[in-house]
Amino acid sequence: RTADCRLAMLAHNAAFDVVDLDPYGSPAPFLDSAVQAVSDNGLLCVTATDMAVLCGNNAEVCWSKYGSYPIHRRSICHEMAIRILLHSIASHAARYKRVIEPLLCVSMDFYLRCFIRVRTSAADVKLNANSLS
């Protein structure tokens, strides 16, 4: 069923003002098509319910899904999970000369919810490394 969602988003490139990803588990398989489907200055809403992976319980899975190795520290777990998710979204967006602007990110209980503005700017993509830690 994931292929249906991804194909629908790819078939409508930059057509949606709002794209809301709320899968059960990781949003990673949908990020590439989602950043392409949202219009310029559109809103991308992403939910991730795989906090165990993002918080460092399985670093190898985090690397394969998000391209980051988490630090396994309970005190910074939720902030780190948000940063890993935002880095992954920014990486996907940069492939298409798009940049992200996080508007609101919330970590509650067992999930993350991020609201992100996506816009097209080849010049700003070059500055991405300055905003990632």
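Caption draft 1: Structural view of the pattern of salt bridges. Evaluation of the coordinates by the stated rule reveals five salt bridges. Between Arg83 and Glu79 there is a salt bridge, with the nearest N and O atoms lying 3.0 Å from each other. Of this pair, Arg83 and Glu79 both sit in helix 5 (residues 77-94), separated by four residues, roughly a single helical turn. Across the pair Arg117 and Glu101 runs a salt bridge, and its minimum N-O distance is 3.3 Å. Here Arg117 is found in strand 4 (residues 111-120), whereas its partner Glu101 is found in strand 3 (residues 98-108), with 16 residues between them in sequence. Of the residues examined, Glu101 reaches a relative accessible area of 34% and is grouped as partly exposed.

Caption draft 2: A look at the pairing of strand 4. With seven bridges connecting them, strand 2 (residues 38-48) and strand 4 associate as antiparallel partners. Its bridge partner being in strand 4, Gly42 is matched across the sheet by Val118. With 10 bridges connecting them, strand 3 and strand 4 associate as antiparallel partners. Each bridged residue has a counterpart across the sheet, and for Leu104 the counterpart in strand 4 is Phe115. With antiparallel pairing between neighbouring strands as the criterion, strand 3 and strand 4 make up a hairpin whose turn holds two residues, including Asp109 at a positive phi of roughly 50°.

Caption draft 3: Inspection of the state of the cysteines at higher detail. In this structure the tally under the stated criterion is one disulfide. Across the disulfide from Cys55 sits Cys77; the S-S distance is 1.8 Å. Judged by the sign of its S-S torsion, about 75°, the bond between Cys55 and Cys77 is right-handed. Within this pair, whereas Cys55 is found in the loop between helix 3 (51-54) and helix 4 (59-66), its partner Cys77 is found in helix 5, the two being separated by 22 residues in sequence. The exposure class assigned to Cys55 is buried, which follows from its relative accessible area of 8%. In this structure Cys77 comes out as buried when scored by relative accessible area, which is 8%. Distance from the sulfur of Cys62, which forms no disulfide, to the nearest cysteine sulfur (Cys55) is 9.1 Å. Looking at the unpaired Cys105, the closest cysteine sulfur is the one in Cys114, lying at 3.2 Å. Since its relative accessible area comes to 24%, Cys105 is described here as partly exposed.

Each value, and the rule that gives it
Throughout, residues of each chain are indexed from 1 in the direction in which the sequence is written. Since the coordinates come from a predicted model, pLDDT governs what is reported: local features require at least 70, and pairs of side-chain atoms require 80 or more to be given and counted, while whole-chain, interface and lining totals use all residues. Excluding hydrogens and water, the side-chain figures rest on all heavy atoms present in the structure. A side-chain nitrogen of Lys or Arg and a carboxyl oxygen of Asp or Glu constitute a salt bridge if their distance falls within 4 Å. Secondary structure elements follow DSSP: runs of H or I no shorter than four residues count as helices, runs of E no shorter than two count as strands, and numbering proceeds from the N terminus. With a 1.4 Å probe rolled over the protein chains alone, any residue whose accessible area is under 20% of its type maximum counts as buried; one over 50% counts as exposed, and the rest are partly exposed. Pairing between two strands is assigned when DSSP locates at least 2 bridges connecting them. Throughout, disulfides are identified as pairs of cysteine sulfur atoms within 2.5 Å of each other.

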